[in-house]
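# Examination of the molecular architecture
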Amino acid sequence: LTFEDEMRFWEKVDIKGHEECWEWKGAKNGKGYGVFGKRINGKAITLYATRVLSRFRGDKTEGLVAMHKCDNPSCCNPEHVVMATAKANTQDMIQKDRDDRVKKIPDGQIHIVFSMFESGFTHQKIADFFGVSRPHITRILDGTYRSRVS
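Heads up: these notes are all about the structure in this document.

About the thresholds
- Residues numbered from 1 in each chain as written.
- Predicted model: local features only at pLDDT ≥ 70, side-chain atom pairs only at ≥ 80, totals over all residues.
- Heavy atoms only, no water.
- Pairing = 2+ DSSP bridges.
- Helix = DSSP H or I, 4+ residues; strand = E, 2+ residues; numbered from the N terminus.
- Axes fitted to C-alpha atoms, helices over the stretch in contact; angles between N-to-C directions.
- Left-handed = near helix turned anticlockwise from the far one by under 90°.
- Contact = heavy atoms within 4.5 Å.

## With respect to the pairing of strand β3 (residues 35–40)
Here 6 bridges tie β3 to strand β4 (residues 43–48), and the two strands are oriented antiparallel to one another. In the sheet register, K38 faces β4, and the bridge partner there is I45. Between β3 and β4, which pair antiparallel and follow one another directly, the connecting turn spans 2 residues, one of which, N41, has a positive phi of 55 degrees.

## A few points about unusual backbone geometry
Although it is not a glycine, N41 sits at a positive phi angle of roughly 55 degrees. Backbone geometry at D71 places phi at a positive 65 degrees, although glycine is not the residue there. Position of D71 relative to the elements: it lies in the loop between β5 (65–68) and β6 (81–84).

## Considerations on the packing of helix α4 (residues 110–118) against helix α5 (residues 123–130)
For the pair α4 and α5, interaxial distance at closest approach is 10 Å and the crossing angle is 145 degrees. Two packed elements cross with a definite hand, and for α4 against α5 that hand is right-handed. Between α4 and α5, the residues in contact are I112, V113, M116 and F117 and H123, I126, F129 and F130, respectively.

Given below as structure tokens:
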């Protein structure tokens with residue numbers, strides 16, 4: 001990335017106070033994450049704004065993802081964005097109950113998940129019954145998403 005890229009990048013960020021989120025004013029993807037366009041050898045590429053931010057800071061990025069401590073996908077405040085493993089980012093999302101990839105099963109119905117499993121239903125059959133993913137059921141049963149509700 002060039003100096004000109006960095007100047008263009010910061011023009012797309014609404015810089016505010018040290019502790020506030022700095023909103024990305026440029027294009028965003030469907031989940032609200034900032035995207036930054038660039039041409040390399042005549043080919044247009046799109047990068048996540050947080051990935052560009054991390055490169056400007058000199059962060060190690062290989063094998064890592066940008067994790068928002070503020071949970072605001074369009075935030076570009078360097079104090080709010082850290083590099084983390086995908087696993088750590090997913091665990092952070094789960095701990096903060098922000099996992100929007102799957103439909104939630106109401107707490108009052110969690111006991112049904114356990115009853116079905118104890119009755120011999122497979123994780124997939126339980127998932128199909130509730131309209132959620134099989135990994136979601138697995139995470140409920142192993143306590144990753146939430147502890148067993150009596």
